[in-house]
Amino acid sequence: MSKVGKQPIIIPAGVQLIIGDNQLKIKGPKGELSQSIPNQIKLELKDLADKQKELTVIPKGEIKNGSALWGSLRALIFNMVKGVTEGFERKLEIEGVGYRASLQDNKLVLNLGLSHPIEIEAPPEIEFKVDRNIITVSGIDKQSVGQLAARIRAFRKPEPYKGKGIRYADEIVRRKAGKKAASAE
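If you're wondering where the values come from, they're calculated on a predicted model, not measured in any experiment. (Residues numbered from 1 in each chain as written. Predicted model: local features only at pLDDT ≥ 70, side-chain atom pairs only at ≥ 80, totals over all residues. Heavy atoms only, no water.)

1. Topic: the layout of surface pockets
Part 1: When its volume is computed, the largest pocket comes out at roughly 190 Å³.
Part 2: Forming the boundary of the largest pocket are Leu33, Ser34, Gln35, Leu76, Asn79, Met80, Phe88, Ile140, Asp141, Lys142 and Gln143.
Part 3: For the lining of the largest pocket, the secondary structure elements donating two or more residues are strand E4 (32–36), helix H1 (66–85) and helix H2 (142–154).
Part 4: Classifying every residue of the lining of the largest pocket gives 5 nonpolar, 4 polar and 2 charged. (1 Å grid on protein atoms, 1.4 Å probe; cavity = no way out; pocket = protein on both sides within 12 Å on 5 of 7 lines; lining within 4 Å. Points joined across faces, edges and corners; volume = space filled by probe spheres on them. Helix = DSSP H or I, 4+ residues; strand = E, 2+ residues; numbered from the N terminus. Nonpolar A, V, L, I, M, F, W, Y, C, P; charged D, E, K, R; others polar.)

Below is the structure:
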């Protein structure tokens, strides 16, 4: 029995679900997402009050790694519903002398102390915002927002001595003490 999988998903008003053959499409005010549904999983949709609906993910019989598949699919569908209604965003902070970020058209340009600037093209479903030393990556797909934020962070991970680099806004970097002067004996 999956603890995550057995929880129902509340579909708010204004979100449209299209359940097809092994495919689920969710349309909302921010966009549209789709997800393939394995044959071992069944989706059940019920109407609630206030034009809301309730989606339940149910496994068809006993399957080998069913509870993992069941819980994962429920979490993916929940994130899709949240993405098309509210969207997702990751904030990254740039710290270091001479480290800068700027936007040129639909590209994020990073100057990170390398011999060349790094240009990152935004996929169609993702948007960048730059405010001084904070980069905001936002979109409707949680996985692609997180993946792109991780890719940006990987260009200059925060180092533990001075704290320079790109870090998530909520990330805590443990600082190390540098070399200490040798004591005269």
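Back to the write-up after that little detour.
2. Let's talk about unusual backbone geometry
Where the residue is not glycine, phi is negative for most of them; where a peptide bond is considered, it is trans in most cases.
Part 1: Phi at Asp105 is positive, roughly 55°, even though this residue is not glycine.
Part 2: With respect to the helices, strands and loops of the structure, Asp105 is situated in the loop between strand E8 (100–104) and strand E9 (107–111).
Part 3: One non-glycine residue, Arg132, lies in positive phi territory at about 55°.
Part 4: Along the chain, Arg132 turns up in the loop between strand E11 (126–131) and strand E12 (134–139).
Part 5: Note on Arg132: relative accessible area 78%, which makes it exposed. (Buried < 20%, exposed > 50% of the residue type's maximum accessible area, 1.4 Å probe, protein only.)

3. Comments concerning the confidence of the model for the chain
Part 1: Averaged over the chain, the pLDDT score is 89; the fraction of residues at 70 or greater is 95%.
Part 2: Confidence scores differ between elements of the chain, with strand E5 (residues 41–47) showing the lowest mean pLDDT of 87 and E12 the highest of 96. (pLDDT = per-residue confidence, 0-100.)

4. A look at the sheet that holds E4
Part 1: Strands sit in the order E2-E3-E4 across an open sheet of 3 strands; the sheet is antiparallel. The sheet is open, and its two edges are formed by strand E2 (16–20) and E4, each paired on a single side. Looking at each pair of strands side by side, their axes are set apart by 15° on average, direction ignored.
Part 2: Of the pairings in the sheet, the one linking E2 to strand E3 (residues 23–27) comprises 5 bridges and is antiparallel in character. Its bridge partner lying in E3, Ile19 is registered against Leu24. (Pairing = 2+ DSSP bridges. Axes fitted to C-alpha atoms, helices over the stretch in contact; angles between N-to-C directions.)

5. Examining the sheet that holds strand E10 (residues 118–121)
Part 1: The strand order across the open sheet built from 3 strands is E8-E9-E10, with neighbouring strands paired in antiparallel fashion. The sheet is open, and its two edges are formed by E8 and E10, each paired on a single side. Strand-to-strand twist across the sheet, computed as the mean angle between neighbouring axes with direction ignored, equals 25°.
Part 2: When E8 meets E9, the two strands line up antiparallel, connected through 5 bridges. Within E9, the residue paired with Ala101 across the bridge is Leu110.

6. Some thoughts on the packing of aromatic side chains
To describe a pair of aromatic rings, one takes the distance between the centres and the angle between the planes.
Part 1: Applying the stated criterion across every chain yields a total of 0 aromatic pairs.
Part 2: In this arrangement the basic side chain of Arg90 is found over the ring face of Tyr168, its NZ or CZ atom lying 4.1 Å from the centre. (Phe/Tyr/Trp six-rings, centres within 6.5 Å; stacked < 30°, edge-to-face > 60°. Lys NZ or Arg CZ within 6 Å of the ring centre and 35° of its normal.)

7. A closer look at the side chain of Ser144
Part 1: Mapping Ser144 onto the fold places it in helix H2.
Part 2: Residues in contact with Ser144, not counting those within four places in the same chain, are Glu125 and Ile126. (Contact = heavy atoms within 4.5 Å.)

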